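# Structural features, examined
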Amino acid sequence: MTAIEILGLEKTYSVGFWRKKPKCALKPLHLRVEEGEIFGFLGPNGAGKTTTLKLLMGLVFPTAGSARILGMEVDDPRMKAQIGFLPEQPYFYDYLTARELLNYYGQLSGVASKERAHKIDEVLQRVGLPEVGGVQLRKFSKGMLQRVGIAQAILHDPKLVFFDEPMSGLDPMGRREVRDLMEQLKQEGKTVFFSTHILSDAEALCDRVAIIHKGELRGVGAVADLTSSVHGKVEIVWQGTTVPSSLRALGAECHVTGDTVRAVLSEANQDSAIEALRRERLRLISVIPVRTSLEDYFVQKLQPSEAVAGVRS
Amino acid sequence: MTGRIVHIASNTFREAVRDRVLYNLIAFALLMSGAAILVGQISIEIERLVVINLGLTAVSLFGTVIAIFIGIGLVSKEIERRTLYTVLSRPVRRWEFIVGKFFGLAGTLVVNAFFMAIGVFGALLYVSRHFQRADSWVLVALYFIILEFLIITALALLFSSFSSPLLSAVFAFALFVIGSFAEDLRGFAAMTHGLMRWLATGAAYLVPNFSALNVISSVAHQQAVSRELILYNTAYALIYATMALCGAVLIFEHRNLK
Amino acid sequence: MRPSPRITITFVLLLVLCMIGSVVFLRRLDRVRTGATLEEVLYISSPQVLKRMSLGYDGLLADIYWTRAVQYFGGKLHNRERRFDLLAPLLEITTTLDPHLLVAYEYGANFMSPKPPDGAGMPKRAIELEEFGIRNNPDQWRLYYNEGFIYYMDLKDYAGAAEAFARGSQVPNAHPYLKMLAGQMAEHAGDVQMARAIWSTTYQTTQDKSVRDNAAAHLRAIKVDEDVTALEALVARYREQTGLLPLSFSDLERAGMLRGIPVDPLGNPYRLMFDGRVEVFNPDDLPFIEKGTPPGYVAPPPKLLSSD
């Protein structure tokens, strides 16, 4: 079943006070997220990730297009009882304690009062804040607030969670924990939709990702499929202190360290490069294919439009 | 639906209490006891008059200030701090949020007024040693003051739903002043002609009319308040507050929460 | 993904209903508390205290009190009440707050001086008001004129009137009529001619439409009173001569006593009644007339303010 279905969602804001200028935040977006997957929504800052999430949460109204979540309209309260949402850099009522806040949210989400206390304990444990339930949120650090934010998003046992930049403000340990938590959610059969600009997180976690830039979808698919489409590279290492000019002609990036040289070049030129080294009678140490990261794909997807935009402006 | 409104209302109340809003009661208590002691020493006949006038005016002013200064932030602060996002992504309708906020602040004001009323009656007892039958009209005056709070709260909430806190405060305060002179505004309107008259009359009916809700002076003079006045004032205040709330809901329902 | 139309429609409907409801109840409130505000307002009846309490916004407050005075007077007049207890304090507060609010003196005199039901019947207070105005605005000749007017019309104090007109005529730019009025006062005091001269002066020198309308109504009333007196005298003469009452004005015409059917200042023919009295066509159109009305006639309230 489809968890999220986005059909041509589009958002144009008017900016300026007197002379309204349209500013396109999101170009028509089509996207399907299946139930049970971890879906990464990637893009640099200001790409339109948060706008998309706000549209899905019914916080802003689209200029055109529509979306359905769990098969229901985005303003359907029945659907909203089954989703969780962590906004970007969350901020909560700081006069409340963590426990009071979660209790309030539990009430709003319709968690029965009998279960509430138990669920709050459980969720505080889960996000690693078991001891600070009675502390007012104004005393919380940024990372702790982020954890509270995650807690409130999963408190009512939602089928589908939306996380906007869930790793921001967390230390490396915290990131690891959140990653594990997302894996657990997936194992529990929940769908996770999260946005991030940190690629390694997405690469490690996601079943599928979508890449968005300047309000436009640039690619969507499984991480492996996306990365395989990028031309591969190899790393060739040999003994020596000089780089033969024939190798440079192949477009190799070379680094000399001590008495070894490391060159990275495209897979297609691998044979010619080895040939050239042989001709120079240099001692080959290793030839290793470089694993293409999502980052390469990302860079490749972002660059063309950057160039186009440069010409336009 | 009602459950969620109650939860939002009680959270709003809790916020006001934790923001030390009720501290104003200390200032009020000092004012009342000071006044009672002072008047008790200078005059015999007008002491009740002064205590009632001063007490009720203070209840009204303190409450109005609280209503405006909390009311204007009720919605805009939640948008600015993005606390609204986690509320509206739950099964909460936007109108439920507005209505809940309204009842939360109204409840705060009622509790606040209740404590201040105790202060007024305490001071009254101090200066005149015993209560009189006519003192029950002071309760009616307090009831009218609370009705006034409902209108001001709804208006502050209305402005808060589309404007910045500072502008909202200016608007709400301006309407409070205009509303106190609304009857004279209708008088002005009756003296103009043609299109101006239509516009002025329309404006005079649209702004809140507080004149009828202010019976402080007549109560201080121990005059009775007619039953019809109580009835019509109640109806008017509830209807007007509902009207302002509807406006707030309509604006908020259509708003993009950037 | 638009805002829910159902919610929008519900709240728009509720909003409209509430708007209607608020107007309805506001009108009911007004009915319950006519005059209540004013009595309440006058708990602070000292103009000096009010001036201090207005925190420097005394001009605005004066305008507000002026409105209240007009509303109060208009309301009482409309209900044909004979007591106008709060009028004087309201006008005093108004003029103390803003001593240069000339309209308050002008209308104030008109409101306070005439006998009920046309006014409050307080010519002495009206004179005090004008004197206060003169002290604060000695260059305004109309204030002297108003004072003389009150002395003449309501107090029948012709010496006082003559003095007021004379003082007024000394003011630079005073209207030349004032000198004339002061001069004629001694000679013609109490004449219809004098009354006519004074009302004509008012009519010709005022800028204000309602004051002018009022003066015109008075001038018409003087004319009607004169006409009716003259016509009834003719009827009496006819009866002396013929021993019969005329059946119509045509009888008088045939007897050579009249030329044509006489008409009132509004152009309507006078009516000759069977008992020999003369009546105007419609007394409601001719306020202030003292003659030519049916027996037991009660005049409707005069329209002093054109907006009423």
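Here, the structure is the one placed above.
Per-chain numbering applies: the sequence of each chain, read as written, is numbered from 1 onward. Ligands are numbered from 1 and chains lettered from A, in the order in which they are written. With pLDDT at 70 or above as the cut-off, local features in this predicted model cover only qualifying residues; side-chain atom pairs require 80 or more to be listed or tallied, and sums for whole chains, interfaces and linings still use all residues. Note that water and hydrogens are dropped before the side-chain values are worked out from all heavy atoms of the structure.

It is worth spelling out the interface of chain A and chain C at this point. Two residues form a contact once any of their heavy atoms are found within 4.5 Å. Contacts between the two partners involve ten residues from chain A, matched on the other side by four residues from chain C. Counted as salt bridges are all cases of a side-chain nitrogen of Lys or Arg within 4 Å of a carboxyl oxygen of Asp or Glu. Inspection of the chain A/chain C interface yields zero salt bridges. Any N or O atom pair separated by 3.5 Å or less is treated as a polar contact, with the protein-specific requirement of one donor-capable and one acceptor-capable atom, and with residues adjacent in sequence counted only for side-chain atom pairs. One can count zero residue pairs in polar contact (both at pLDDT 80 or more) joining chain A with chain C. Only Asp, Glu, Lys and Arg are considered charged, only Ala, Val, Leu, Ile, Met, Phe, Trp, Tyr, Cys and Pro nonpolar, and every remaining residue, Gly among them, polar. For the side of chain A that touches chain C, the class distribution of residues is six nonpolar, two polar and two charged.

What follows covers the side chain of Asn233(B). The topology assignment puts Asn233(B) in helix α12 (residues 227-253). Residue Asn233(B) is classed as buried on the basis of its relative accessible area of 0%. If sequence neighbours within four positions are ignored, Asn233(B) has contacts with Phe144(B), Leu147(B), Ala212(B), Leu213(B) and Leu29(C). Working definition: helices are DSSP H or I runs of at least four residues, strands are E runs of at least two. Numbering for both runs from the N terminus. Think of it in three bands: with a 1.4 Å probe and only protein chains considered, a residue is buried below 20% of the maximum accessible area for its type, exposed above 50%, and partly exposed in between.

It is worth spelling out the packing of helix α3 (residues 98-109) of chain A against helix α1 (residues 2-18) of chain B at this point. Lines fitted to C-alpha atoms define the axes here, with helix axes fitted over just the stretch in contact, and angles between the N-to-C directions of these axes take values from 0 to 180 degrees. Orientation of α3(A) relative to α1(B), taken along the N-to-C sense of each, is 155°, at an axis distance of 9 Å. It follows from the interaxial angle that α3(A) and α1(B) lie roughly antiparallel. Residues Glu100(A), Tyr104(A), Gln107(A) and Leu108(A) of α3(A) form the contact with α1(B), whose own contacting residues are Arg4(B), His7(B), Ile8(B), Asn11(B), Arg14(B) and Arg18(B). Among the residues making up the contact of α3(A) with α1(B), the classes are represented as three nonpolar, three polar and four charged. Note on terminology: angles under 35 degrees are roughly parallel, angles over 145 are roughly antiparallel, angles of 65 to 115 are roughly perpendicular, and the others are oblique.

The next subject is the interface of chain C and chain B. The partner chain B presents 39 residues to the 32 residues of chain C that form the contact. Surface buried jointly by chain C and chain B totals about 3,300 Å² across both partners, of which 73% is contributed by carbon and sulfur atoms. On the surface where chain C and chain B come into contact, there are two residue pairs in polar contact (both at pLDDT 80 or more). Of all the secondary structure elements, the ones that give two or more residues to the side of chain C that touches chain B are α1 (5-32), α2 (36-41) and α4 (58-78) of chain C. Tallying contributions element by element places α1(C) first for the side of chain C that touches chain B, with 18 residues. Its residues placed into classes, the side of chain C that touches chain B shows 17 nonpolar, eight polar and seven charged. By buried area we mean how much accessible surface two parts lose on assembly, using a 1.4 Å probe and totalling the loss over both.

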